[in-house]
Amino acid sequence: MINSEILKKKRLGGRLGDDEIFHLIEGLKNGKTDDLQITAFLTSACIIGLSPDETTALTFAMRDSGMKFNFRHLGKPVIDKHSTGGVGDKLSLLLVPIVSACGVAVPMISGRGLGHTGGTVDKLESIPGFDIRPDEKTIYRLMEENGCFMSAQNDFIAPADKKLYHIRDITGNVESTGLITASILSKKLVEDLDGLVIDMKTGSGAFMKSMAEAEELAKSMKTVAELCGVKISVLFTSMDQPLGSKIGNWLEIEESLDALKGNCPPDIREVTLALAAEMICLAGIKPDTESARKLAAETWDSGKALSQFHKMIESQGGSLEEGTKKYASHYEFEYKAPRSGIITSMDTTGIGIAGIILRAGRQNIDDEIDYGAGIIMEKKIGDEVSSGETLARFRASDKELFHRAKKRMDESIFYCQEKVDSPKLILRAMK
Ligand code: URA
């Protein structure tokens, strides 16, 4: 098979066979597919789309690019959660300790920031010493001792996703049902899961802006996961404004720690408990979401989840104290409301981009992230503000960036004079 022929067939609207997709992805391992060819494939996939069969073949080829785990010896249900991506979305950092402290094994393989969204791996990497690439032996040990681990894709876990993820990010080839399905599931299907909960973000800060697009992605993920015998439960949640108040890698670690200590913004609490309940139900630990939510809330409020969070961070080498010292010297800038009014809506993607301008995320593949940079939102949709009142605070290690980030924020927040309700957070579920 010749790569350029396969790529031409796809560009002209043809359907690729399983063998053609395997050939392209296999070529990443043996050096026979280069980055330009992958870029051409991803661009065609975004423009023309991938059929359900192509999506399945791509998911399997990416999953099989690395190893698979076997956690059966743990004698526990194995459940994970994945978000389709958002701004200020730090919920994995809360869910892993809460749900694993409830007796569920949670092997979490995550991604880096993609487009305007943040990634769990970048957040974890902001913790000095945290090993985001534990080796296989360490992963089995962590699962036995803690019932959880958090890791990036790497050279042995879904390495094809690591490659494609980077190229999609820097070539603007992110928003595609087939590519998102394959990216998420290729990582998750190596985890020997009994079940997977998807936090399907919709709204102005999500890749899937409308409910119709989000439903299409949910159906695509359900079809492929169920073909592999993995139960899947999808919760559609709002990404019409950032979750919680902090956006940025270390800032989100801080907010998660505070939340586990009991100082939790109401939106984070509501969505975290809803997702935790889905995970606990899929695990079969509780028969219904109400009793599962109660168990998750008790585990959180009793401090058990906080101890589990500390144990998880320390077992992977991280030091939260070092992080607090390391990022203390960042400059701060008060972003003031340019006019008076009630915040009616936000372009949450634009707010994510303001974060990237501050260097909390990458614009290019080689960009170094400033892990201490980001935005602290002081106001939410429905809040009334007066002109000149502080609406957010920016953090960066380079003051020169504040002006550009301010401009982007000015363009991303909209005001009116009438009362506005805050958007509903949990939109619907698909079992
Ligand atoms: N999360 C992923 O892992 N991949 C995507 O493509 C989007 C969100």
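Just so it is clear, the model here is predicted, and its values are computed rather than measured.

Rules used in this analysis
- Residues numbered from 1 in each chain as written.
- Predicted model: local features only at pLDDT ≥ 70, side-chain atom pairs only at ≥ 80, totals over all residues.
- Heavy atoms only, no water.
- Helix = DSSP H or I, 4+ residues; strand = E, 2+ residues; numbered from the N terminus.
- Phe/Tyr/Trp six-rings, centres within 6.5 Å; stacked < 30°, edge-to-face > 60°.
- Buried < 20%, exposed > 50% of the residue type's maximum accessible area, 1.4 Å probe, protein only.
- Lys NZ or Arg CZ within 6 Å of the ring centre and 35° of its normal.
- Salt bridge = Lys/Arg side-chain N within 4 Å of Asp/Glu carboxyl O.
- Near = heavy atom within 4 Å.
- Polar contact = N/O pair within 3.5 Å; in protein donor to acceptor, adjacent residues only side chain to side chain.
- Areas by Shrake-Rupley, 256 points an atom, 1.4 Å probe, with all protein chains shown as cover.
- Nonpolar A, V, L, I, M, F, W, Y, C, P; charged D, E, K, R; others polar.
- Expected span 1.5 Å × (residues − 1).
- Contact = heavy atoms within 4.5 Å.
- Axes fitted to C-alpha atoms, helices over the stretch in contact; angles between N-to-C directions.
- Parallel < 35°, antiparallel > 145°, perpendicular 65-115°, else oblique.
- Left-handed = near helix turned anticlockwise from the far one by under 90°.

Examining the environment of Asp347
Right, on to step 1. With respect to the element layout, Asp347 can be found in the loop between β8 (341-346) and α16 (348-357).
Right, on to step 2. Separated by 43 residues in the primary sequence, Asp347 and Thr390 have C-alpha atoms spaced 18 Å apart.

Re the packing of aromatic side chains
Right, on to step 1. What the rule picks out here adds up to nine aromatic pairs.
Right, on to step 2. A ring pair is formed by Phe69 and Phe149, whose centres lie 6.2 Å apart and whose planes are at 55°; its orientation type is tilted. Of this pair, Phe69 sits in the loop between α4 (52-63) and β1 (79-83) while Phe149 is found in strand β3 (residues 148-152), placing the two residues 80 residues apart along the sequence.
Right, on to step 3. Ring geometry for Phe333 versus Phe402: centroids 5.1 Å apart, planes at 20°, classification stacked. Of this pair, Phe333 sits in strand β7 (residues 331-336) while Phe402 is found in helix α17 (residues 402-410), placing the two residues 69 residues apart along the sequence.
Right, on to step 4. The exposure class of Phe402 is buried, given its relative accessible area of 6%.
Right, on to step 5. Each residue in the set Phe69, Phe71, Tyr140 and Phe149 is aromatic and connected to the rest through ring pairs, giving one cluster.
Right, on to step 6. Over the ring of Phe60 we find Arg63; its NZ or CZ atom is 4.4 Å from the centre of that ring.

Structural notes on the pattern of salt bridges
Right, on to step 1. Per the counting criterion, the structure on display carries 35 salt bridges.
Right, on to step 2. Notably, a salt bridge pairs Lys419 with Asp421, separated by 3.4 Å at the nearest N-O pair. Here the two residues Lys419 and Asp421 agree in accessibility, since each one is exposed.
Right, on to step 3. Residues joined in a network through salt bridges with shared partners are Arg112, Asp122, Glu125 and Arg362.

Thoughts on the site of the ligand
Right, on to step 1. All residues adjacent to the ligand are His82, Ser83, Thr84, Leu114, Tyr165, Arg168, Ile180, Ser183, Ile184 and Lys187.
Right, on to step 2. In this structure, an oxygen atom belonging to the ligand sits 2.8 Å away from a side-chain N or O atom of Arg168.
Right, on to step 3. Within the side chain of Lys187, a nitrogen or oxygen atom sits 2.5 Å from an oxygen atom of the ligand.
Right, on to step 4. Its free accessible area being 230 Å², the ligand has 96% of it covered by the protein chains.
Right, on to step 5. Considering every element that reaches the shell around the ligand, the biggest residue donor is helix α9 (residues 177-188), with four residues.
Right, on to step 6. The residue inventory of the shell around the ligand, partitioned by class, reads four nonpolar, four polar and two charged.

Some remarks on helix α14 (residues 304-315)
Right, on to step 1. Helix length check: α14 (12 residues) gives 16 Å between terminal C-alpha atoms against 16 Å at 1.5 Å per residue, within 8%.
Right, on to step 2. Looking at the buried side of α14, the elements it contacts are α5 (91-101), α7 (136-146), β3, α11 (249-260), α13 (289-301) and α15 (320-326).

Some thoughts on the environment of Thr138
Right, on to step 1. Topologically, Thr138 is positioned in helix α7.
Right, on to step 2. In the structure, Thr138 is positioned 177 residues away from Ser315 in sequence and 9.7 Å away in space, judged by C-alpha atoms.

Quick notes on the packing of α4 against helix α10 (residues 211-227)
Right, on to step 1. Following both chains from N to C, one finds α4 and α10 inclined at 55°, their axes separated by 10 Å at the closest point. Relative to α10, the element α4 lies oblique. The element α4 and its partner α10 pack so that their crossing is right-handed. Contacts from Thr55, Thr56, Thr59 and Phe60 of α4 reach α10 at Ser220, Val224 and Leu227.
Right, on to step 2. Each residue belonging to the contact of α4 with α10 can be placed in one class, and the counts come to three nonpolar, four polar and no charged.

Some words on the packing of α5 against helix α12 (residues 266-282)
Right, on to step 1. Following both chains from N to C, one finds α5 and α12 inclined at 45°, their axes separated by 10 Å at the closest point. In terms of orientation, α5 and α12 fall into the oblique class. Between α5 and α12 lies a crossing of right-handed hand. From α5, Leu91, Leu94, Leu95, Ile98 and Val99 reach across to α12, where they touch Ile268, Val271, Thr272, Leu275, Ala276, Met279 and Ile280.

Remember, this is a structural readout, not a statement about activity or role.
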